[in-house]
Structure formats: C-alpha cells, structure tokens
Amino acid sequence: MYSPVEETVQARLILSPHRCARLRVVLSYLPEDPFAVRMAFPAEFSLDDADDGLSAEDIVWVFARQLLSSGLELPAGVGDVHVRPTAGRRTMVELRAPEGTALLQFDTADLRRFLWRSRLLVPEGEEHLHLDADRALAQLLG
C-alpha cells in the first residue's frame, strides 16, 4: 500500500475586490481513490453558520485530479468546483455550495508540485490500475 501525498499550502480567500484572508489548505491524494484530490480548509472558514456546540472539523472538498490539472492551463469545471489560471502565476479555485460561493487564490507552483507528487504515485492514465472495485462498491452501498 502506498502512502498518501499530503501538502500544506497557503491560499487567499477572496472576501471582496479589496479584502482577502490568508488560510492554510491541506491538499491530499490517496492512491486508493486515484481519480480524486482533496482540499481541507479550517472549520472557521465554513460558509455554514450553524453553531451546534460540537468540535469543529476541517471542511474537505473532494473533486477530480484531472479538473485541478486542467484548470492550471485553461478554465475548467462544471458544477460545484471551477479552476482557472490568472495572471501572475496564480490559480483561482471556486467552490459553490448552497450556503454560498468561496473563491480561493493559490500559488500555481504549489498546485503543480502537489500534482507532480501525486503523479509519481499514480501516473495520469493509470488510475484504473489502482482501483479496488470491491472496496469502492462496498463504500457506495454503505
């Protein structure tokens, strides 16, 4: 079994045209889920206003590794996650949820390094060789 790829990077949460907040984002790639990447954000940046007294956990978005890769070169995405390059070696990631939309700016070099490390583990085009169909079916059926 391979170890996951995990990298902590800095991002800017765009609050308005003139305001942003810096936050830590943990990118992860699991070889047993070879088509997906994960982005984990601190709970205090949640769009959900619920305060139920429970301990806060990171917010995790899971989406296609290929979407992240494509979005470094050209605008990509349909649905809840969109990725696009911007001037100045930056990449924007837009996350849409019923509670609202979050726009994050990343240093493109950080995302490229993370993707490079994930491809060392599972090269693009070889994801199917790392799928465990029985495990995936069991997870799907709960």
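Heads up: these notes are all about the structure in this document. (Residues numbered from 1 in each chain as written. Predicted model: local features only at pLDDT ≥ 70, side-chain atom pairs only at ≥ 80, totals over all residues. Heavy atoms only, no water.)

The next subject is the overall build of the protein. On a plain count of helices and strands, the protein comes out with three helices and seven strands. Starting at the N terminus and walking to the C terminus, you meet the elements of the protein as β-β-β-β-α-β-β-β-α-α. In the protein, which comprises 142 residues, the proportion classed as buried is 37%. The contacts in the protein between residues at least 6 apart in sequence include a share of 44% that link residues at least 24 apart. Total accessible area computed for the protein in this model is approximately 8,800 Å², and 53% of it derives from carbon and sulfur atoms. (Helix = DSSP H or I, 4+ residues; strand = E, 2+ residues; numbered from the N terminus. Buried < 20%, exposed > 50% of the residue type's maximum accessible area, 1.4 Å probe, protein only. Contact = heavy atoms within 4.5 Å. Areas by Shrake-Rupley, 256 points an atom, 1.4 Å probe, with all protein chains shown as cover.)

This part is about the environment of Ser69. Relative to the helices and strands, Ser69 resides in helix α1 (residues 65-71). Dropping the residues within four chain positions of it, Ser69 is found in contact with Leu115, Arg119 and Glu124.

Turning our attention to helix α2 (residues 108-121). Across its 14 residues, α2 extends 20 Å between first and last C-alpha, which sits within 8% of the 20 Å expected from 1.5 Å per residue. Summarising the contacts, the buried residues of α2 are in contact with β1 (5-16), β2 (19-29), β3 (36-41), α1, β6 (90-97) and β7 (100-107). (Expected span 1.5 Å × (residues − 1).)

Attention now goes to the side chain of Glu94. Among the structural elements, Glu94 can be located in strand β6. Excluding residues within four positions of it along the chain, Glu94 makes contact with Asp80, Val81, His82, Arg84, Thr101, Ala102 and Leu103.

Let's shift gears to the sheet that holds strand β4 (residues 59-64). Through backbone hydrogen bonds, the strands of a sheet pair up, either in parallel or in antiparallel fashion. Spatial ordering of the open sheet is given by β4-β3-β2-β1-β7-β6-β5, a layout of seven strands whose pairing is antiparallel. The outermost strands of the open sheet, each flanked by one partner alone, are β4 and β5 (81-86). Here the strands of the sheet are splayed against their neighbours by 30 degrees on average, with no regard to which way each runs. Bridge count between β6 and β7: eight bridges; the pairing is antiparallel. Looking at β7, one finds that Val93 is bridged to Leu104. Those strands touched by α2 are β1, β2, β3, β6 and β7, and its axis lies near 150 degrees from that of β1. (Pairing = 2+ DSSP bridges. Axes fitted to C-alpha atoms, helices over the stretch in contact; angles between N-to-C directions.)

On to the pairing of β3. Burial within β3 is extensive, with six of its six residues counted as buried. Of the two faces of β3, the one holding Ala36, Arg38 and Ala40 and the one holding Val37, Met39 and Phe41 are both buried throughout. With three bridges connecting them, β2 and β3 associate as antiparallel partners. Bridging from a neighbouring strand, Leu27 pairs with Met39 of β3. The loop that links β2 with its antiparallel partner β3 comprises six residues. Judged from the six bridges that link them, β3 and β4 form a sheet pairing that is antiparallel. If you follow Met39 over to β4, its bridge partner there is Trp61.

This brings us to the side chain of Thr91. Take Thr91: it is sitting in strand β6. Its relative accessible area of 0% is what places Thr91 among the buried residues. Side chain to side chain, Thr91 and Thr108 meet in a polar contact 2.7 Å long. Excluding residues within four positions of it along the chain, Thr91 makes contact with Gly71, Leu72, Val83, Arg84, Pro85, Thr86, Leu104, Gln105, Phe106, Thr108 and Leu111. (Polar contact = N/O pair within 3.5 Å; in protein donor to acceptor, adjacent residues only side chain to side chain.)

All we've got here are geometric facts, nothing functional implied.
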